[in-house]
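Fold and contact review
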Amino acid sequence: MQCTLTKLLEVMSNRDVIEQLFEFRIQFRHFGSEFINDRHFTAKNSDLALEMFRFACKKDDLEVEVDSIEQWNRWANRWENTEAPTHEPSESLP
């Protein structure tokens, strides 16, 4: 019994640190439109969320301007700005 418990503790201590995921909301508008849309992504950070957004825009052949990138603060129950908007067309981004 002691051997099994020791092995279990070894396995648990050798696990990689689990990275936390966050919810991001990217607000954007299509070129020539004043209507603001938003898409939600779950990612480790805002850079990865923006990368996923760019991929989705490229896949759907959308030209958009990003207005804001916000992260959900579950403790304060609100969206918070994470960085300044890029205002670049998604198809021109790598």
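Residues numbered from 1 in each chain as written. Predicted model: local features only at pLDDT ≥ 70, side-chain atom pairs only at ≥ 80, totals over all residues. Heavy atoms only, no water.

1. Looking at the overall build of the chain
Here is the rule we go by: Helix and strand definitions here come from DSSP, where helices need a minimum of 4 consecutive H or I residues and strands a minimum of 2 consecutive E residues; each element is numbered from the N-terminal end. Throughout, exposure labels follow a simple rule: accessible area from a 1.4 Å probe, protein chains only, divided by the maximum for the residue type, with under 20% read as buried, over 50% as exposed, and the rest as partly exposed. The contact rule is simple, with two residues in contact once any of their heavy atoms fall within 4.5 Å. For every accessible area listed, the method is Shrake-Rupley and the probe measures 1.4 Å; residues are considered covered only by the protein chains on display.
Scanning the chain from N- to C-terminus turns up two helices and four strands. Among the 94 residues that make up the chain, the fraction classed as buried is 26%. If you take every contact in the chain between residues at least 6 apart in sequence, the share linking residues at least 24 apart comes to 45%. When the accessible surface of the chain is totalled, it reaches about 7100 Å², and 53% of it is carbon and sulfur.

2. Focus: unusual backbone geometry
The backbone of Asp-61 shows a phi angle near 55°, a positive value even though the residue is not glycine. Its place among the elements puts Asp-61 in the loop between helix 2 (46-59) and strand 3 (64-73). Residue classification places Asp-61 among the exposed positions, given a relative accessible area of 62%.

3. Points about the packing of aromatic side chains
Applicable threshold: For this analysis, a ring pair means two rings from Phe, Tyr or Trp (six-membered ring only for Trp) whose centres lie within 6.5 Å, classed as stacked if their planes differ by under 30 degrees, edge-to-face if by over 60, and tilted for the remaining angles.
Considering all chains together, one arrives at three aromatic pairs under this definition. Residues Phe-41 and Phe-53 carry aromatic rings whose centres are separated by 6.2 Å and whose planes lie at 80° to one another, so their mutual orientation is edge-to-face. With a gap of 12 residues between them, Phe-41 in strand 2 (residues 37-43) and Phe-53 in helix 2 connect regions that are remote in the sequence. Phe-41 sits in the buried class, given a relative accessible area of 12%. Look at Phe-53 and you get buried, because its relative accessible area is 1%. One aromatic cluster in this structure is built from Phe-28, Phe-41 and Phe-53.

4. Notes on the confidence of the model for the chain
Rules: A residue's pLDDT is simply how confident the predictor is in it, with values from 0 to 100.
Across the chain, the average pLDDT comes to 81, with 68% of residues at or above 70. Counted against residues more than four places away or in other chains, residues 86-94, with its pLDDT under 50, gives 20 contacts.

5. A word on the pattern of salt bridges
To be explicit about the condition: By salt bridge we mean one thing: a side-chain nitrogen of Lys or Arg within 4 Å of a carboxyl oxygen of Asp or Glu.
This structure, assessed with the given rule, holds four salt bridges. Measuring nitrogen to oxygen at the nearest pair gives 3.2 Å for the salt bridge that ties Arg-29 to Glu-34. On the accessibility criterion, Arg-29 (16% relative accessible area) is buried. The shortest N-O distance in the salt bridge between Asp-67 and Arg-29 comes to 2.8 Å. With Asp-67 in strand 3 and Arg-29 in strand 1 (residues 22-30), this residue pair connects regions lying 38 residues apart in the sequence. Within the structure, one salt-bridge network assembled from shared partners comprises Arg-29, Glu-34 and Asp-67.

6. Quick notes on the nonpolar core
The following threshold applies: To define a nonpolar core, start from buried Ala, Val, Leu, Ile, Met, Phe, Trp, Tyr and Cys residues and group those joined through side-chain atoms within 4.5 Å.
Of all hydrophobic cores here, the largest spans 13 residues; its most connected members are Ile-26, Leu-50, Phe-53, Val-64, Val-66 and Ile-69. Breaking this core down by element, the ones donating at least two residues are strand 1, strand 2, helix 2 and strand 3. Looking at this core, the element that brings in the most residues is helix 2, giving four residues.

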